[in-house]
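Descriptive analysis of the structure
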Amino acid sequence: MSGFREAKGDLEIESVTKSFGDFNAVDDLTLVVPRGSFFALLGPSGCGKTTTLRMVAGLEQPTLGRILIGDTDLTGSRPYERPVNTVFQSYALFPHLTVRDNVAFGPKRRGAKNALQLADEALDLVQLPHLASRKPAQLSGGQQQRVAVARALVNRPEVLLLDEPLGALDLKLRRQMQVELKRIQTEVGLTFIHVTHDQEEAMTMADTVAVMNHGRIEQMGPPAAMYDLPVTAFVANFVGQSNLGRGRITDRDGDFLVVDVHGSTVKVPHRRSQVQSGDILFGVRPEKVRIHRDRPTGVGNDMAATVLDVSFTGVATQYLVTVDSGATWSVYEQNLDVEPIDLKPGDRVWMSWDPGHAFGVPAENAEVPEGPVLASEATSSDPSSGPALQDAQ
Amino acid sequence: MSALAHAGGGGGHPAATGPDQAKRGSWLPYLLLLPGLLWLAIFFVAPLVQLFTVSLQSKLKGYPGYYYRDLNFRNYWSALTEFAPHFGRSLLFAGLATFFAFCLAYPLAYAMAFKAGKWRGVMMICIIAPFFTSFMLRTIAWRQILADEGAVASTLNFLHVLPGGRITETWMAVVAGLTYNFLPFMVLPIYASLERADPRVIEAGGDLYANGFTTFRTVTLPMSMPGVIAGTLLTFIPAAGDYVNAELLGSDRSTKMVGNVIESQFFKVPGGFPIAAALSFTLMALILAMVFVYIRRFGTEELL
């Protein structure tokens with residue numbers, strides 16, 4: 001096909017901006033996705049992740065900046081000229097063609113003599129060879145999704161784009177497809193860019209996760225590292241759930257910063273804090289916090305609180321407590337003890353944690369205000385996040 | 001029967017499905033169908049049967065304009081042989097009008113569905129608004145547009161591209177009128193099927209290495225085929241039976257269509273009733289057969 005650009009290598013997005021009128025959907029984005037990696041773009045709706053994907057596909061053109069694969073500049077080229085294929089959110093299968101013809105569409109356009117044979121191989125890969133002669137309307141959502149994956153994969157693109165491909169599936173099928181997609185990616189070794197608003201999906205599947213907000217990348221890295229050490233309040237609440245307290249750095253104690261949070265003194269390792277002086281949002285993950293009737297000794301960090309709600313989920317118990325500043329924190333405690341501590345709403349308790357688990361993020365422009373709305377806001381921002389958040393409702 | 005009872009009682013309270021309820025449920029659907037069926041029986045089936053008996057009547061010798069009940073199938077034979085050119089013209093003009101209407105309607109519907117943006121509503125009104133004036137008046141207006149001294153005819157004559165020097169009273173005027181009059185019936189179904197198409201599916205064509213033209217040929221056009229089929233049928237069928245355009249825009253001799261013959265046999269030729277009825281039935285059978293072949297060939301049920 002004339003105009004088609006062969007390109008191999010890493011995908012590079014160089015200071016790309018996409019404006020719609022006055023609104024910058026993507027704002028000076030720079031990103032390198034190494035060849036063969038499984039990369040997730042995670043963010044709430046409207047954060048610019050889908051626009052980024054569409055620019056890589058060529059369905060939108062950047063207002064500023066360049067998009068390259070290896071040394072080949074793809075900026076300005078048409079979608080059909082790029083070695084990139086997309087799995088659309090709505091699957092976008094051709095309704096008038098059979099499954100086999102859908103999958104063979106790409107190879108046929110590129111003049112492959114054995115297009116149908118390639119299609120059958122791709123259908124084997126997604127385990128649907130028996131449905132090759134059906135029409136898309138005769139398939140279930142999960143099957144259509146697999147056909148959409150096969151239709152893109154059969155072209156062996158340099159980069160495969162997945163635009164919330166699992167959004168329309170029910171929870172069980174989604175889990176199954178997550179494993180499936182990961183298996184396929186490992187098998188074919190192509191670069192996958194997966195756009196999703198589901199933090200759990202991003203963390204289970206991707207080697208690298210980039211969290212986007214307002215057209216910018218807030219944080220990027222391996223899922224576990226990002227969960228362990230978020231660098232902004234947005235990431236702290238979008239990737240998992242965090243207890244955050246607005247405070248002020250008062251002192252330094254060896255490797256630790258001493259922070260005053262509404263009268264309680266807590267410590268943060270200075271390497272785990274994004275600010276070294278002044279205002280700070282102190283944070284700790286709910287499952288890192290222990291709950292006690294009496295003030296513990298020799299722990300290092302603690303805070304008094306009043307129990308607001310207790311919900312027992314079997315493997316764990318989730319407590320919602322009000323700390324003395326008025327903020328609501330949550331504590332997620334595994335039911336390890338033979339005799340669990342029997343707490344009721346209204347009880348005075350102490351919370352403690354290992355100071356090594358605490359983190360500090362900048363307090364300016366923090367989107368999540370301190371206060372009782374914290375837990376519910378984190379939940380409503382992402383309806384499909386992990387069990388800890390769902391239990392909070 | 002039980003399925004019907006279920007369907008009929010489905011709207012009611014689930015607890016109220018005793019034997020009485022089931023019984024009422026079983027005849028309720030038929031009761032609801034009754035007005036429509038009666039309407040069809042009185043205003044469609046009965047006239048059709050009446051027309052069919054008329055088509056087999058014979059003239060009463062010596063009494064012009066009188067007939068007697070008969071099984072005179074020769075009426076059909078003389079209808080076909082005597083008026084074969086008119087049948088041919090009807091099908092040809094209707095076919096041409098359908099073709100031109102398609103050529104005009106598809107780009108229009110495409111622009112409305114994908115390019116019009118905020119102008120979509122205005123375009124829709126422009127297509128529907130002519131229906132607010134009478135079909136006859138609009139066709140008469142076309143006589144002015146195509147008149148010998150009119151802008152269209154004089155321009156074409158100036159360019160020396162008009163054979164015969166005039167448009168009115170030629171087949172061109174009839175086909176133009178038919179095309180104009182049935183254009184909305186072509187535009188609306190095509191627009192509906194294009195508008196319903198997921199734009200992501202068309203984007204997927206580009207994503208899978210098809211350029212703009214190939215995407216149109218392999219994705220957009222096949223996806224809009226249900227609309228194209230509906231549009232061509234809605235244009236061809238009434239155009240084949242039309243007589244107003246040929247009457248008002250055509251000439252007395254060379255552009256008469258079957259509709260005109262039926263009209264004159266019924267109302268102008270003494271003793272023409274059986275022939276007119278036979279012509280009507282023949283036209284109906286011809287169109288039915290063509291539609292049947294067309295749908296079998298381009299079958300709609302497989303699409304979407």
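Residues numbered from 1 in each chain as written. Chains lettered and ligands numbered in written order. Predicted model: local features only at pLDDT ≥ 70, side-chain atom pairs only at ≥ 80, totals over all residues.

**What to know about the overall build of chain B**
- Each helix and strand counted, chain B has 14 helices and two strands in total.
- Long-range pairs, those at least 24 residues apart, make up 65% of the contacts in chain B with a sequence separation of at least 6. (Helix = DSSP H or I, 4+ residues; strand = E, 2+ residues; numbered from the N terminus. Contact = placed C-beta atoms within 7 Å.)

**Brief notes about the overall build of chain A**
- Secondary structure assignment for chain A yields 10 helices and 20 strands.
- Reported as C-alpha extents along the three principal axes, the dimensions of chain A are approximately 75 × 45 × 35 Å.
- Looking at the 393 residues of chain A, the share that counts as buried comes to 45%.
- Within chain A, counting contacts between residues at least 6 apart in sequence, those at least 24 apart form 67% of the total. (Buried ≥ 20, exposed ≤ 12 C-beta atoms within 10 Å, placed from the backbone.)

**Here we look at the confidence of the model for chain B**
Residues and elements named next belong to chain B.
- On average, residues of chain B carry a pLDDT of 86, and 90% of them reach 70 or more.
- By mean pLDDT, the top-scoring element of chain B is helix 4 (residues 84-115) (95), and the lowest-scoring one is helix 1 (residues 2-9) (39).
- Low confidence marks residues 1-17, where pLDDT is under 50. Its contacts with residues over four positions away, or in another chain, come to 18 contacts.
- Across the predicted assembly, pTM comes out at 0.78 and ipTM at 0.79. (pLDDT = per-residue confidence, 0-100.)

**Quick notes on the environment of A:Thr30**
All names here are of chain A.
- Summarising the element assignment, Thr30 is placed in strand 2 (residues 23-33).
- Classification of Thr30 by C-beta neighbours within 10 Å gives exposed; the count is 11.
- Distance from Thr30 to Ala104, taken between C-alpha atoms, is 35 Å for residues 74 residues apart in sequence.
- If near-sequence neighbours (up to four positions away) are discounted, Thr30 is found in contact with Ile13, Glu14 and Ser15.

**A closer look at the interface of chain A and chain B**
- On the chain B side, the residues contacting the 18 residues of chain A number 17 residues.
- Sorting the residues of the side of chain A that touches chain B by element identifies strand 6 (84-87) and helix 2 (99-109) of chain A as the ones contributing at least two each.
- Looking at the side of chain A that touches chain B, its residues break down into 10 nonpolar, five polar and three charged. (Nonpolar A, V, L, I, M, F, W, Y, C, P; charged D, E, K, R; others polar.)

**Regarding the sheet that holds strand 3 (residues 38-42) of chain A**
All names here are of chain A.
- Strand order in this open sheet of six strands is 6-7-8-3-9-10, and the pairing throughout is mixed. Of all the strands in the sheet, just strand 6 and strand 10 (216-221) have a single pairing partner and so form its edges. The mean inter-strand angle of the sheet, taken between neighbouring strand axes irrespective of direction, is 20°.
- Direction of pairing for strand 3 relative to strand 8 (residues 191-196): parallel, over a ladder of five bridges. (Pairing = 2+ DSSP bridges. Axes fitted to C-alpha atoms, helices over the stretch in contact; angles between N-to-C directions.)

**Examining the pairing of strand 7 (residues 159-163) of chain A**
Residues and elements named next belong to chain A.
- For strand 7, the buried fraction is high: five of the five residues fall into the buried class.
- Of the two faces of strand 7, the one carrying Val159, Leu161 and Asp163 and the one carrying Leu160 and Leu162 are both buried.
- Direction of pairing for strand 6 relative to strand 7: parallel, over a ladder of four bridges. Paired with Thr86 across the two strands is Leu161, which belongs to strand 7.
- Bridge count for strand 7 against strand 8 is five bridges, and the pairing is parallel. Paired with Leu161 across the bridge in strand 8 is Ile193.
- The β-α-β motif built from strand 7, the intervening helix 5 (residues 171-188) and the parallel element strand 8 has right-handed crossover chirality. (Right-handed = clockwise from strand over helix to strand, strands pointing away.)

**Some remarks on the environment of B:Tyr243**
All names here are of chain B.
- Mapped onto the secondary structure, Tyr243 falls in the loop between helix 11 (225-241) and helix 12 (244-249).
- Judged by the 18 C-beta atoms lying within 10 Å of it, Tyr243 is partly exposed.
- Remark: the alpha-carbon pair of Tyr243 and Lys256, spanning 13 residues in sequence, is separated by 8.0 Å.
- Among residues more than four places away in sequence, those in contact with Tyr243 are Met257, Gly259, Asn260 and Glu263.

**Quick notes on unusual backbone geometry**
Residue and element names in this part refer to chain A.
- In the Ramachandran plot, Asp28 falls in the positive-phi region, its phi being about 50° despite a non-glycine side chain.
- Despite not being glycine, His214 shows a phi value in the positive range, around 50°.
- When you line up the elements, His214 lands in the loop between strand 9 (208-213) and strand 10.

**Observations regarding the nonpolar core**
- Judged by nonpolar contacts, the single largest core of 112 residues is most densely connected at A:Val56, A:Val103, A:Ala150, A:Leu161, A:Ile193, A:Val211 and A:Phe282.
- The residues contacting A:Ala150, other than those within four sequence positions of it, are A:Val103, A:Ala122, A:Leu123, A:Leu125 and A:Val126.
- If you look at the next biggest cluster of nonpolar residues, it comprises 48 residues, including B:Ala105, B:Leu178, B:Met257 and B:Ile262. (Core = buried A, V, L, I, M, F, W, Y, C linked by C-beta atoms within 7 Å.)

**A short note on the sheet that holds strand 11 (residues 243-253) of chain A**
All names here are of chain A.
- Pairing is antiparallel in the open sheet, where five strands are placed in the order 13-12-11-14-20. Edge strands, defined here as strands with exactly one partner in the open sheet, are strand 13 (264-269) and strand 20 (359-361). Ignoring which end each strand starts from, the neighbouring axes of this sheet average 45° apart.
- The pairing of strand 11 with strand 14 (residues 278-284) spans seven bridges and is classified as antiparallel. If you follow Arg248 over to strand 14, its bridge partner there is Asp279.

**Here's the deal with the domain arrangement of chain B**
Residue and element names in this part refer to chain B.
- In terms of domain boundaries, chain B breaks down into domain 1 (2-55) and domain 2 (75-298).
- Computed from C-alpha coordinates alone, the two centres of domain 1 and domain 2 are separated by 37 Å.
- The interface of domain 1 with domain 2 comprises four residues on the first partner and seven residues on the second.
- Along the lines of polarity and charge, the residues of the side of domain 1 that touches domain 2 split into three nonpolar, one polar and no charged. (Domains from an automatic or database assignment.)

**Section: the confidence of the model for chain A**
All names here are of chain A.
- This prediction gives chain A a mean pLDDT of 86; 90% of its residues lie at or above 70.
- Helix 2 holds the highest mean pLDDT among the elements of chain A, 95, whereas helix 10 (residues 387-391) holds the lowest, 34.
- This model gives residues 369-393 a pLDDT under 50, and the stretch forms 44 contacts once residues within four places in sequence are excluded.

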